[in-house]
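# Architecture and fold: a report
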Amino acid sequence: MGRAQRGGDRRRTGFGRAAKLAGLSALVIPLTTGCSVEEVLRFGWPVGVTPQAEAMRELWTWSAVAALIVGAVTWGAMFWAVAFHRKRKGDDESPPRQTQYNLPVEIVFTVVPTIIVAVLFGFTVNVQNYVDVDDPDPDVRVAVTGFQWNWQFDYTGTRTPEGGPIETLGTSSTIPILVLPTDRSIEFTIASKDVIHSFWVPEFLFKRDVFPMPEKNDTDNVFVIDRIDREGAFVGRCAELCGAYHAAMNFEVRALQPALYDRYIALRSQNNPQTGVPYTAGEALQALNCGEWCAPEAITTYPFATDRTQRAATLPTSG
C-alpha cells in the first residue's frame, strides 16, 4: 500500500470519527440538560395558553426545524468540501473542474429554495388568518384602553348599579387585573388615549399594537382568542416604548373557571354592602374566596413608583 493511500485512509478514518463524535454530542447534550423533547422544540418560547398561541408555537417550531435541516445540509456540504477538496502538498496549480454552468445543479439550487419559501409562506398565511379571524358572536367582549402609563379594561355589555359598564382602571399604586374565563371565546377591542402602546401577554405568544383613533389610522383593532386553556395568573405588559414609565405599564390577566367568572361579573354588577358602592375588582375576587387565583391584588407583578425623582422600582412592602 502506498504512502498516499495510507494517508488518505487515515484522513477518512479521522473524519469519520469526528462525524460520529459530533452526532453523539448532538444526541447526548439535550438529554443531559434535563430538558424534555417538548421543551427543546419550543426553542425558548413560553408555554402558550390559547389555541392561537399553540398554532403560532407550532409554526415557529417547524420553521426552526426546517431552518436547521437546511443549515445542516449546507454546513455538511461546506465541511465536506473543506475536508476533501482542500489544496494538498504536491498539487499543481491547475484549477479544479468547473461546474458553474451545470444546468441541472443550478435548477436544483433555484427550485428547492423556492419550494421551501413557498411552503413556509403558505403555513404562515394559514396561521395568520387563524389568529386574525373575527368571531361574530364571542362569549365575552372586553374593551382595552392603553394610556400613559396604565390600562383600563371595560366589559362590554355589562352594567354596574351606576349604569356604566364594569371597568377596571389601573393606577400608579394598583396593578389592573383583567379577569377572564377559561374555555370561552373572548373578543378584545384595543385603543389608546394618547400614544402607540402594545398589548402583550407573553403566554398569548403575540403582541398587538394599540393605536390612538384606530378607525382613522386604518388599523384592525379587534381580535379574538378561542379560549384560555387553563386557570392562572399571567403578567401583561406594554411592548411599545411609549414614554418615561413604559416599563411600569404592567397589568395581570387572571383566568378563572367559567362559574367563578360568572360570579365575579355578578358581584361587579352589585354594590358592596360594606362600602355602599360597586365592588372593585379586588373586592370581588376576595369575595370569591377561591385561593391563589382569587387574590385581590396582582401576584405576577407589582406597581412601580412613578415619582420622577425616584430612579429605581419599589418592591411591595411586606405586611
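Shown above is the structure to which this text applies.
Here the structure is a predicted model, which means the values were calculated and not measured.

All right, on to the sheet that holds strand S2 (residues 150-155) then. Taking strand neighbours across the sheet as the criterion, the five strands line up as S3-S2-S1-S5-S8 in an open arrangement whose pairing is mixed. Of all strands in the sheet, those with a lone pairing partner are strand S3 (166-169) and strand S8 (222-225), marking the two edges. Each neighbouring strand pair of the sheet contributes to a mean axis angle of 20°, computed without reference to strand direction. With seven bridges joining them, strand S1 (residues 140-147) and strand S5 (residues 186-192) adopt parallel strand pairing. Within the sheet, the bridge partner assigned to Thr-145 lies in S5 and is Ala-191. Along the sheet face, helix H5 (residues 258-268) touches S1, S2 and S3 and points at about 90° away from the line of S3.

Taking 1.5 Å of rise per residue, 34 residues should cover 50 Å, and helix H3 (residues 51-84) covers 49 Å from first to last C-alpha, within 8% of that figure. Pro-51, Gln-52, Ala-53, Ala-55, Met-56, Arg-57, Leu-59, Thr-61, Ala-64, Val-65, Gly-71 and Ala-83 are the residues of H3 that are buried.

Another point: helix H6 (residues 281-288). Among the residues of H6, Ala-281, Gly-282, Ala-284, Leu-285 and Leu-288 are the ones counted as buried. Looking straight down H6, one finds its buried side chains confined to an arc of 165°; they lie on one side. Residue Asn-289 follows H6 closely and has a positive phi angle near 55°.

A word on the state of the cysteines. This model, assessed by the stated rule, comprises one disulfide. Cys-290 shares a disulfide with Cys-294; S-S distance 1.6 Å. Taking the torsion about the sulfur-sulfur bond, which here is approximately 95°, the covalent link between Cys-290 and Cys-294 counts as right-handed. We classify Cys-290 as partly exposed; its relative accessible area is 28%. The class of Cys-294 is buried, set by a relative accessible area of 4%. Considering cysteine sulfurs only, Cys-242 is the nearest to Cys-238, which forms no disulfide, with 3.9 Å between them. The exposure class assigned to Cys-238 is buried, which follows from its relative accessible area of 6%.

Strand pairing in a sheet relies on backbone hydrogen bonds. The paired strands run either parallel or antiparallel. A sheet is described by the order of its strands in space; here five strands give the open sequence S4-S10-S9-S6-S7, paired in mixed fashion. At either end of the open sheet lies a strand with only one pairing partner, and these are strand S4 (177-181) and strand S7 (206-210). When strand polarity is set aside, the average angle formed by the axes of neighbouring strands in this sheet is 25°. The pairing of strand S9 (residues 232-238) with strand S10 (residues 250-256) spans six bridges and is classified as antiparallel. From the neighbouring strand, Phe-234 faces S10, where its bridge partner is Val-253.

What counts and what doesn't
Residues numbered from 1 in each chain as written. Predicted model: local features only at pLDDT ≥ 70, side-chain atom pairs only at ≥ 80, totals over all residues. Heavy atoms only, no water. Pairing = 2+ DSSP bridges. Helix = DSSP H or I, 4+ residues; strand = E, 2+ residues; numbered from the N terminus. Axes fitted to C-alpha atoms, helices over the stretch in contact; angles between N-to-C directions. Contact = heavy atoms within 4.5 Å. Expected span 1.5 Å × (residues − 1). Buried < 20%, exposed > 50% of the residue type's maximum accessible area, 1.4 Å probe, protein only. Arc of directions from axis to C-beta. Disulfide = S-S within 2.5 Å.

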